[in-house]
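# Structural overview for review
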Amino acid sequence: MIEIRWDWIASHLDDIADKTVQHVYLLVVPMVAGFVIAFALAILAMRRPGTVGPVTAVTGLLYTIPSLAAFAVLIPITGLSPLTAIIPLTTYTLLILYVNTVAGLRSVPPEVNEAADAMGYTRGSRLLRVQLPLAIPLIMAGVRVAAVTTIGLVTVSAIIGGNRFGGLGQFITEGLQTNFDTKIYLGAVGSVILAFVVDGLLVALQRVLTPWTRARTSGR
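Now for a look at the structure at hand. A quick note: this is a predicted structure, and the numbers were derived from the prediction, not measured.

Another aspect to go through is the pattern of salt bridges. Under the criterion given, the structure shown has five salt bridges. Between Asp 7 and Arg 5 there is a salt bridge, with the nearest N and O atoms lying 2.9 Å from each other. What makes Arg 5 partly exposed here is its relative accessible area of 33%. A salt bridge links Asp 199 to Arg 144, with the shortest nitrogen-to-oxygen separation between them at 2.8 Å. In this pair, Asp 199 is assigned in helix α9 (residues 181-209) and Arg 144 in helix α7 (residues 123-161), connecting sequence segments 55 residues apart. On the basis of relative accessible area, Arg 144 is assigned to the partly exposed category, the value being 29%.

Set out below in structure tokens:
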């Protein structure tokens with residue numbers, strides 16, 4: 001029978017907060033780094049279409065590497081530090097972010113690009129002021145998937161990271177080791193709640209970045 005010790009949870013709120021902050025840190029850093037790299041690769045793909053296949057293949061290969069194997073391989077190099085988790089977590093975001101960014105930029109109608117050129121936009125200003133805003137929905141779809149995936153992988157990293165990295169996943173590993181249901185469910189439910197919260201925030205961010213979609217919906 002499952003027994004949840006609410007008194008234990010109440011007396012360990014500081015520890016729960018610390019591990020939640022660590023989980024968020026191990027989400028934000030790889031996501032930001034992955035997005036910067038993926039966006040640069042997507043721009044390269046738009047300017048040199050021949051690079052799409054090779055980059056997709058490399059990022060796909062990185063995505064297939066088992067997470068525990070990646071963490072274990074890096075320990076002799078980076079030690080038991082957050083960097084051991086950040087590097088693989090970053091590589092796992094690349095395929096999703098890259099593919100969606102390329103798809104988003106390619107979804108811009110050719111006539112829109114031609115109109116921007118006719119108006120005197122440079123290649124850089126056309127990207128920032130025309131293509132990127134129109135590509136946001138597809139890009140954000142990739143960001144949402146990558147974020148939720150990363151939250152789950154951070155939980156897995158606790159198997160190797162212990163108290164050094166792993167966020168809420170540390171509760172799960174400690175609970176399994178001590179047969180303490182409260183920790184197991186605290187880590188699992190906490191990770192799920194965090195995923196829902198992050199996804200909701202990203203949806204809200206997309207609405208802020210694409211105000212014209214709200215105006216279109218309200219006008220119907």
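This brings us to the packing of helix α4 (residues 67-78) against α7. What describes two packed helices is the angle between their axes and the distance between those same axes. Two numbers describe how α4 lies on α7: the axes approach to 10 Å, and their chain directions differ by 50°. It follows that α4 is oblique to α7 by the angle criterion. The handedness of the crossing between α4 and α7 comes out as right-handed. Note on element contacts: α7 touches α4 through Leu 153, Val 156, Ser 157, Ile 159 and Ile 160, opposite Ser 67, Leu 68, Phe 71, Ala 72 and Ile 75. Considering only residue class, the contact of α4 with α7 consists of eight nonpolar, two polar and no charged.

Attention now goes to the side chain of Gln 206. Among the secondary structure elements, Gln 206 is positioned in helix α9. A relative accessible area of 19% places Gln 206 in the buried class. Residues contacting Gln 206, with those up to four places away along its chain left out, are Ile 136, Pro 137 and Met 140.

Here we take up the packing of aromatic side chains. In total, this model carries four aromatic pairs according to the counting rule given. Where Phe 35 meets Phe 39, the ring centres are 5.9 Å apart and the plane angle is 20°; that geometry is what we call stacked. One end of the pair, Phe 35, and the other, Phe 39, are both in helix α2 (residues 13-47), four residues apart, so they sit about a helical turn from each other. Judged by centre distance (6.4 Å) and plane angle (85°), the rings of Tyr 63 and Tyr 92 are edge-to-face. One end of the pair, Tyr 63, is in helix α3 (residues 52-64); the other, Tyr 92, is in helix α5 (residues 82-106), and 29 residues separate them in sequence. Taking the relative accessible area as the measure of exposure, Tyr 92 reaches 4% and is therefore buried. The ring of Phe 171 is capped by Lys 19, whose NZ or CZ atom sits 5.0 Å from the centre of that ring.

Residues Ile 2, Ile 4, Trp 6, Tyr 185, Val 189, Ile 193, Val 197 and Leu 201 make up a contiguous nonpolar surface patch of roughly 810 Å² in combined accessible area. Considering the arrangement of structural elements, one finds Ile 2 in the segment before α1 (6-11).

Looking at the secondary structure, you find Val 197 in helix α9. The exposure class assigned to Val 197 is partly exposed, which follows from its relative accessible area of 46%. Taking the C-alpha atoms as reference points, Val 197 and Pro 211, separated by 14 residues in sequence, lie 21 Å from one another.

Judged by nonpolar contacts, the single largest core of 28 residues is most densely connected at Tyr 98 and Val 198. Mapped onto this core, the elements with two or more residues apiece are α2, α3, α5, α7 and α9. If one sorts the elements of this core by residue count, α7 sits on top with nine residues. In this structure, Val 198 is in contact with Leu 27, Ala 147 and Ile 151, ignoring residues within four places of it in sequence. Among the nonpolar cores identified, the runner-up in size contains ten residues, and Ala 85, Ile 86, Tyr 92 and Phe 165 belong to it.

Reading the values: the criteria
Residues numbered from 1 in each chain as written. Predicted model: local features only at pLDDT ≥ 70, side-chain atom pairs only at ≥ 80, totals over all residues. Heavy atoms only, no water. Salt bridge = Lys/Arg side-chain N within 4 Å of Asp/Glu carboxyl O. Buried < 20%, exposed > 50% of the residue type's maximum accessible area, 1.4 Å probe, protein only. Helix = DSSP H or I, 4+ residues; strand = E, 2+ residues; numbered from the N terminus. Axes fitted to C-alpha atoms, helices over the stretch in contact; angles between N-to-C directions. Parallel < 35°, antiparallel > 145°, perpendicular 65-115°, else oblique. Left-handed = near helix turned anticlockwise from the far one by under 90°. Contact = heavy atoms within 4.5 Å. Nonpolar A, V, L, I, M, F, W, Y, C, P; charged D, E, K, R; others polar. Phe/Tyr/Trp six-rings, centres within 6.5 Å; stacked < 30°, edge-to-face > 60°. Lys NZ or Arg CZ within 6 Å of the ring centre and 35° of its normal. Patch = residues over 30% accessible without salt bridge, like charges linked within 9 Å, V, L, I, M, F, W, Y side chains within 5 Å. Areas by Shrake-Rupley, 256 points an atom, 1.4 Å probe, with all protein chains shown as cover. Core = buried A, V, L, I, M, F, W, Y, C linked by side-chain atoms within 4.5 Å.

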